[in-house]
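Examining the three-dimensional arrangement
One letter stands for each residue in the lines below.
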Amino acid sequence: MPLFSQSFGNSSSAQHGLGLAAAQIVEDDSERIAVIAEDLGVIDVSEFSPERVKVVTPEESKGLEFDHSIVVSPADWYDGSTSMARTMYVVLTRATKSITILQQNIKRTGIKFLEI
């Protein structure tokens, strides 16, 4: 399963990154996509079918399965605690084909990302 990471400087570029990531994935109309984010108010997936693209919080993702997951700014909610480590595990295991991670301010977090 490929793992991609991208760093963005502000929320508008993060939204742009989300659109690019989703657009690359949605070429196959039968695949389901999860956008997993703590702050759902900054996520706009209105250009995509709600049956295919579901926006959920990390906690709401538990028990769900998708072909692809786009995880938005996990370092903003991951605090290193045991509880958050379990939540991170859940988030990172929702996809069966690919995971895309979009993150701002990579340098301020203890999470190690590959910057591309």
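A brief look at the structure comes next. Values in this document were obtained by computation on a predicted structure and should not be read as measured data. (Residues numbered from 1 in each chain as written. Predicted model: local features only at pLDDT ≥ 70, side-chain atom pairs only at ≥ 80, totals over all residues. Heavy atoms only, no water.)

Right, let's get into the pattern of salt bridges. Following the criterion strictly, the structure yields one salt bridge and no others. Salt-bridge contacts for lysine 97 lead to glutamate 31; the nearest nitrogen and oxygen are separated by 2.5 Å. With lysine 97 in strand S5 (residues 95-104) and glutamate 31 in the loop between helix H1 (11-25) and strand S2 (33-37), this residue pair connects regions lying 66 residues apart in the sequence. Judged by its relative accessible area of 40%, lysine 97 falls in the partly exposed class. (Salt bridge = Lys/Arg side-chain N within 4 Å of Asp/Glu carboxyl O. Helix = DSSP H or I, 4+ residues; strand = E, 2+ residues; numbered from the N terminus. Buried < 20%, exposed > 50% of the residue type's maximum accessible area, 1.4 Å probe, protein only.)

Let's shift gears to helix H2 (residues 82-92). Residues Met84, Thr87, Met88, Val90 and Val91 constitute the buried set of H2. Seen from one end, H2 has its buried residues packed into an arc of 160 degrees, which puts them on one side. Exposed residues lying more than 90 degrees from the buried face of H2 are Thr82, Arg86 and Tyr89. (Arc of directions from axis to C-beta.)

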